[in-house]
Each structure stands twice: as C-alpha cells, then as structure tokens.
Amino acid sequence: MVLLKIIPRVLFFFLFVFPVLRASSQYKVINGIVKDSHSEEGIAFASVKFRNTSTGKLTDSSGAFYFAMKEWPSDTLEFTCVGYQPFIFVIDQSNDSLPLVISMERGTFNEGVKIKAKVNKGLLVWRKIVQNKPRNDRYRFDNFSYELYNKLEVDIKNLNFKKIARFKPFRAAGEIINQNIDSSEGIKYLPTYLTEALSDYYYQKNPKKRREIIKAANTNGIKNESMIKFLGGMDQVINIYNNFIFVFDKQLVSPASDNGDLYYNYNVIDTQQMGNNRFYHLVFAPRRKGTDTFEGDCWVQAGTFAIQKMNLRLGKDANINFLETLSLVQEYSLVNDTTWFLSKDKFVADVSPIGKEKPGVIGRKTTTYRNVVINDTSVTTELDKNKKLEEIITLVGADEKEKAYWEESRHEELNKSEKGIISMIDTLMNAPVFQKFTNRLNFIATGYLNIGNFQIGPWYNWVTSNSWEGTRVRFDFGTNKHFDKKWWWHGYLAYGFGDRKLKGKGELFYLPKKHPRFYLYASYTNDLDFGQNYYGEVSQDNIFALAVRKQNIPLKFLKVNEKRFEYFNETRSGFSSLLAFTHKMYTPLKNLLPKDSFATGNNRTPLASAEVSLRLRFAYLEKFLENTFFRTSLGSPYPIGELTFTKGVSGIFKSSYDYVKISASVSDYINTPPYGHVSFQVYGGKTFGTLPYVLLDIAPGNELYYYNKYAFNMMNRFEFIHDQYAGINFEHNIGNGIFRLFPKLKFRQFWTAKALWGGISEANKALNFKGGNNFQTLDGKTYLEMGTGIDNIFRVLRVDFVWRLLPLRLPKSTTDGFGVFGSFRLSF
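Let me sum up the structure you'll find in this document. Because the structure is a prediction, the values reported are computed rather than measured.

About the criteria used
- Residues numbered from 1 in each chain as written.
- Predicted model: local features only at pLDDT ≥ 70, side-chain atom pairs only at ≥ 80, totals over all residues.
- Heavy atoms only, no water.
- Helix = DSSP H or I, 4+ residues; strand = E, 2+ residues; numbered from the N terminus.
- Buried < 20%, exposed > 50% of the residue type's maximum accessible area, 1.4 Å probe, protein only.
- Contact = heavy atoms within 4.5 Å.
- Areas by Shrake-Rupley, 256 points an atom, 1.4 Å probe, with all protein chains shown as cover.
- Pairing = 2+ DSSP bridges.
- Salt bridge = Lys/Arg side-chain N within 4 Å of Asp/Glu carboxyl O.
- Expected span 1.5 Å × (residues − 1).
- Patch = residues over 30% accessible without salt bridge, like charges linked within 9 Å, V, L, I, M, F, W, Y side chains within 5 Å.
- Axes fitted to C-alpha atoms, helices over the stretch in contact; angles between N-to-C directions.
- Core = buried A, V, L, I, M, F, W, Y, C linked by side-chain atoms within 4.5 Å.

### Observations concerning the overall build of the chain
So, step 1. A tally of regular secondary structure across the chain gives 10 helices and 42 strands.
So, step 2. For the chain, buried positions account for 49% of its 828 residues.
So, step 3. When contacts within the chain are restricted to residue pairs at least 6 apart in sequence, those whose partners lie at least 24 apart make up 63%.
So, step 4. For the chain, the accessible surface area stands at approximately 40700 Å², while carbon and sulfur atoms represent 58% of it.

### A closer look at the pairing of strand β7 (residues 100-104)
Every other side chain in a regular strand lies on the same face of the sheet, so the side chains alternate between the two faces.
So, step 1. Here β7 shows a clear split, with Leu100, Ile102 and Met104 buried on one side and none of Val101 and Ser103 buried on the other.
So, step 2. As judged from the 5 bridges shared by strand β1 (residues 28-36) and β7, these two strands associate in the parallel manner. Following the sheet pairing, Val34 is matched in β7 by Ile102.

### Quick look at the pattern of salt bridges
A side chain with one charge can pair with a side chain of the opposite charge if their charged atoms come near.
So, step 1. As enumerated under the stated definition, the model contains 36 salt bridges in all.
So, step 2. A salt bridge links Glu703 to Lys556; its shortest N-O distance comes to 2.8 Å. Taken together, the residues span a long stretch of sequence, with Glu703 in the loop between β36 (697-698) and β37 (721-722) and Lys556 in the loop between β27 (518-528) and β28 (557-570) at a distance of 147 residues. The exposure classification of Glu703 matches that of Lys556, with both residues buried.
So, step 3. Its salt-bridge partner being Glu731, residue Arg798 comes within 3.0 Å of it at the nearest N-O pair. In this pair, Arg798 is assigned in strand β41 (residues 797-806) and Glu731 in strand β38 (residues 724-735), connecting sequence segments 67 residues apart.

### Some words on helix α9 (residues 432-446)
So, step 1. An ideal rise of 1.5 Å per residue puts 21 Å on 15 residues; α9 measures up with 21 Å between its terminal C-alpha atoms.
So, step 2. Taken together, the buried positions of α9 are Phe434, Phe437 and Phe443.

### Structural notes on a nonpolar patch on the surface
So, step 1. On the surface, Phe475, Phe477, Phe483, Trp487, Trp489 and Leu508 cluster together into a nonpolar patch covering about 550 Å² of accessible area.
So, step 2. Residue assignment for the nonpolar patch shows that the elements contributing at least two residues are β24 (470-479) and β25 (487-496).
So, step 3. Take Leu508: it is sitting in strand β26 (residues 501-513).

### What to know about the sheet that holds β1
So, step 1. As summarised here, the arrangement of the 3 strands in space is β4-β1-β7, forming an open sheet in which the pairing is mixed. This sheet does not close on itself; its edge strands, each paired only once, are β4 (64-69) and β7. Across the sheet, the mean angle from the axis of one strand to that of its neighbour is 25°, orientation sign disregarded.
So, step 2. Bridge analysis of β1 against β4 gives 6 bridges, and the strand direction is antiparallel. Residue pairing in the sheet places Gly32 in a bridge with Phe65 of β4.

### Quick notes on the nonpolar core
So, step 1. By size, the foremost hydrophobic cluster in this structure holds 55 residues, and its most contacted members are Val125, Ile129, Phe144, Ile245, Phe294 and Leu326.
So, step 2. Examining the composition of this core, we find that 6 residues originate from one element, strand β18 (residues 340-351), more than from any other.

In structure tokens, the structure reads:
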C-alpha cells in the first residue's frame, strides 16, 4: 500500500517537475527589490525594462521583480517610476544570480500630475475618496483596540570626528566614535538612540476615551524617565483621512482633505489588479509653491475608494525648517471582507539644521498594528478602568524584558544593522571618554556641567555688569541625580565689585512622589531683583542682557531678602494646589522710592511682608517632559486655568502689612489650520489694602531690545502700578501669510496685541505717588500695544515691530510710541 502511494508521486516528479527544473537550469535569473532610497519602502509597480528593448515588467505590490531568460535582451536594466529619478543598472554577467536591491532617488511628481485629458480622472477619484471618508476612516467605529509595536531610531549624520578628534578634550571620544560609525547608506551616521515599545491600545468614540498599556519598552542610548510614555501610540496617531496632518509643530494639508483640490493637482496614472481587488494609482503634487503641502501617491481600491497605501513626502517648497527630506508611508489591510484598517506606518525625517552636507539627525519610526478588535465589549470593559478620559499605563518591569521576550513578541525581526546598533550604543555609553564628551557638549548647550554627584552652572550667569554692582561674578553649585533621586539642593554666591556686596541664594527640593506630583521646597534669597515674576519676564542677570538694553532709561535697582516655603500636591485629573509661605524685605537702591518714605511704627520694618498664598491650577490632560527632579510642560489640548489667593499678615518677623490679593488667569494654544495657530492669556486681579508699590501689581515692562512674549515691550519696569487690573496677551502666527508670494525666503507672518486695564485707590495713590518717582496709573484707561513682524529669518530670528497705541502720551512717560525688537525662535 505504501509503495502504491509513492509510485504516482515519483512518476509526477519525473514527468513534470524534473523537466522544468532541467529547463530552468539553462536560464539566467535576475531578481531583486526596488526601494525608495529615503523611506526604504518597496516601490510598487515600478517599470523594470531592458534598455533599448520592449522586454520588461512591473514590480509587484511589494516592489519585487524576477526575470528568467536564456539570454539577456540587453546588458542594462532601466528602472522608472513617477516621482523618482530613472535608475540605470549594468548587469554583471559573472554574478547575475544575487538578489538586487535598487534604491531610487526622489524626483518630482509634477510630470505625473499634468492634466491633458478633458476629464480629470484624478480629480474624480479624489472626490470619491472624500465622499467615502465616513465609510473608510477607522474613527467611524464606536470602539476598537489593537496591539501596537513601535520602533524608533535616531542617528547623527555627517559628523567628521577626525576633525573633532584634533581637539584634545574630544580626542579620545572621537577615536571611539569613528570605530562605530556606519556608512552603509553612503552617509556616515552615528546611531545614538534605538527603542522598541509594545503596547495595547484602546479607543472609544463617544464619549471619547483612550487607554494605552505599555507592556514592554526596550530603550538603548539616551534614556529619559518620562520618555517611555511617548514611545507608544497615544501621541503618534496620524490619520490621512483628516483635513490636516500634523508634522512636528506644523499642520500640512492632507491630500484627502475636503478642500484638497484647492491645494493639490491630482492624476490617475495607472490601474492594477491585485488579487480580487482593482486599484487606482493616484499621484498628487502642490498646486502652488510655498504652501504647507505634501507630494506623493496612493493606491485606492475601486468600489470602496479606501486608501490601501499612501506615500507622502514633503514638498520641496514647503515652509518647514530644518527638514531636508521627510517620508510618511501608511499601509492598510483588510480585517474582514470589506473593512480596511491601518496595518503599518513609517515615518522618516532627515533633519539638517545647518545644511545638507552638515551634521544633522536622521529619525526613523516604524509602527505595526496587530490583533485588531472592532466594536467589541472587551474594549469598553478595559476603557471603564480609566480614571480620566486618557491614560497611559506603564506596567511594572516593562523596561526589564529579556532578549527572549523581544524575539518572540516583536512584530518584525530586527535587521542586521539594528542589531548592531544595540551593541554599538552600549559600547559608546559605557566608555568613560564618550561620557566626558557628551558631558562637555551638554555644558555648552545648557550651561550646566555635572562633576560626579554635583553640578555647576549655568555659565552664562558667571559674569555680567550693571551700573550698581559694576562687574558682577556669580558661581552656582548644586547636586544632581547621582547624589540622590529625591533630594536636590542648589545655591549660588554673587559679588559686585562696584557695591562690594556679597549676595546669594540657597534652595532645597524634596520630591517623594512624581506621579501624581508631590513636593516640598524651601529657599532663602538675598540678592537684587532682576525682574523675575509670574509673567515670565526676561531676567537681566546674564551676560546676554549687556548688549540689548534700551538706552536713556534710568536703571532701577531693588534688593530683596526672601524666605520661602512651598507645599505642592497634584491629582491625576490635572488639578494641582500650591500652598506657600513667603517673607520678604525690600530695599530700594536706585531710582525708586526709598525705604524711609514708608516709615512704620510698632517696631516693624518698612517694606517687609509675610504672606500665605494658595494657588489652584487646572490643566486637563497636560503632558510633560521630565527629568529626575523637574519637568517642562508640553501643553494641554484644553485651556489652563489658575486662581491664586494671598493673605498678608503683619507682625510676623517684623512684617508691617495686612492685605488680601486675588488673581486669576486662563491661557490656551489653539491650532487654526491652514492659518497657523493662536495663543492667548487672559488675566486679572485685585489687592485689598493700603500698601507700598513693591506689594502692589507692577505691570511687567521690558527694558531690553529682546522681545518678551509675556511683558509689555513698549513699557518700562515700574512705569505703571495698580491695585486692580485686567489684561490680555494675544498672538496669531499666520504662517506664510503675504510671504507666500516669495516662497524661497520662507519667512512667516504674525501679529500681536496686548491690552491692560488698571486702577489704584486714593489711599494707595497718596502713599506711593510722591515726589521723585515716575509711577503712573491707568485710572481705568486702556493700555494697548500692537505689533507685527517677520519670523523665521535665517530659520531662527524674529523681528517684532511694536506700536504703543494707548494711552496717548502721559506727562511722566519716557517711552517712545514705536519700537523694533529681536529674538531667537527655534521651531519647525
């Protein structure tokens, strides 16, 4: 019986298979894959043709091709595709069996979108895409979930470490780095960061809820305690069906936008059958230069008009800084017979801040989606665990997974280069000379230098000068995370060679809990007041203030002796409270009313106050970038509100005043594509009590030619004082604006408005408006300054033209009605 089963198979092999194999052995074979040189994604249906012949074929949907012939019709292959430069490959007759990897450089899509037909089929397909958005956008579902695998690599390119190594401080580090540089792509780059994350993501439409559980995170290279939360999918969701696609901090018009025909030219250049589905090949390019748009192509399923694959690249004339090239690829797969769902996206950005051939950064992010579940109760059950609408949960031990776990769990295997990166980064990060190298670079960039468990800096405060202190020197010393993970202390001493006085500050910070945040803080300060306040006024205690100070404005000097204690507590909902006790003693030194103008009795000190304040703040879904002790807000999708109540008490450490202060503010940042973004702050407050000017509200003026976003730039410090006030700061960054007519300049336009209303009681007027001072009050009038200007000059400079419109010239006013200010702004 066994023999009877074997005999037919043997006969089949010799009659059919063996002749084919024998024949194929007489054929020459050439095969390979055609890829985009930037995104490294396969190019579907590219033309592969033997040059000067009619023999050729198209690559398949993955970019692969295969030829088997007795003789080559030509010794040269020609690769062409819309949007790419032609590629010529000369066949090596002695080695024609190895798979080829053809990398095609980008060209332009403009040729592909020239319309010659009477009916523009591309425009018809675009309209069908827009019409069918409600059927194809994944956010149409009531809920869904999936497992997400995210891989991120960041490399430094074009670093000439041979030149760097000539400098003795960097010599040893340069030698190690040169040994680990990868030049496989033709561009020398140093891998600096590679991370993987595996998470479960849950989404509900109404009410909108999101939840992500990060199950594993594998970080290499640069580490940050808050970075893991940004490695999942919560903050990296790109939906090509939206009208606008966010790239860094810019909003680009999507090719699938409802108004896409105003920004793009469309054309269908091909139709292909893949399996049981027919697809249109739609290409698109910007209609006008200088607009924030993409160029690229997509494959659209006929019938449903769902996008199966989208290739986006940044238009050459798009007004985005520092990006040399950018690729965004999204692929969709069927999860059932009719439902297309995102299966993979890839984002590659080549950031070149100072030029194409200069040092820059290459970032690559690849995300894959598996185990998609749609409209299921398991999703809502998991989302019911949320304590707020959006939560990111990092499981305990997520960053401690073994190698075997990753080999089994990652969606795609690491390639040879990626495996080498892990080893390479480990070598660099553990090399003492490289650690010294990065420490020195950090010192130059941030001003701070770590020495063991301690830290010195910032260097830009070390030497400065003013008319009261003469030359001022300052030295800061504190601890870092290596000293302790919960305790941080810092202090500085400063000395003025003009006034021959020693000043200083000491502060202690204790952070027992980070999420949600809870801390205790105490400080003692005995120094000049350089203008720091809650408005965020630029400090004049640094070396850069020397060159940008306004002329002919009397300098005001005020010495402050302050003791402060803070108790901060935050909840998971974004609500926080700050309880503080502050004792201050002010000593006016120059061009301000002296202390003896405010004599008090009962053995109390003039200009001395003791107060308790409570600040309540609500910032829903606010995100932060954190280090061991401190954090920087990345903003909130909702307005941020603050309310502060302050009670001043006399008789505590010789304090002299009883008063009550109430203040409030609301701020927000709103994207308004395609017209840029708007930011504003509305604020107000009132003081109850008769007080010297140092305890009233001093409107924040700016005596520098460096533009201050939070101050009134056409107002001097101590020019206006009030005990009740309200104001608004408003800024609209338009984008290209009128400079769209000059796209090569890549300038940007904006306008600003700042208004203030204020008043002061008769009692406070009598106390403070004495001879020898230039104080003013609005007395219910409006202070208004408006401005416009040019941003993005040489990518980093901004020039503001500001007019002081109201009030009209006041008797004691020494300011002009117009001013020009400069500042540095780094943005994409």
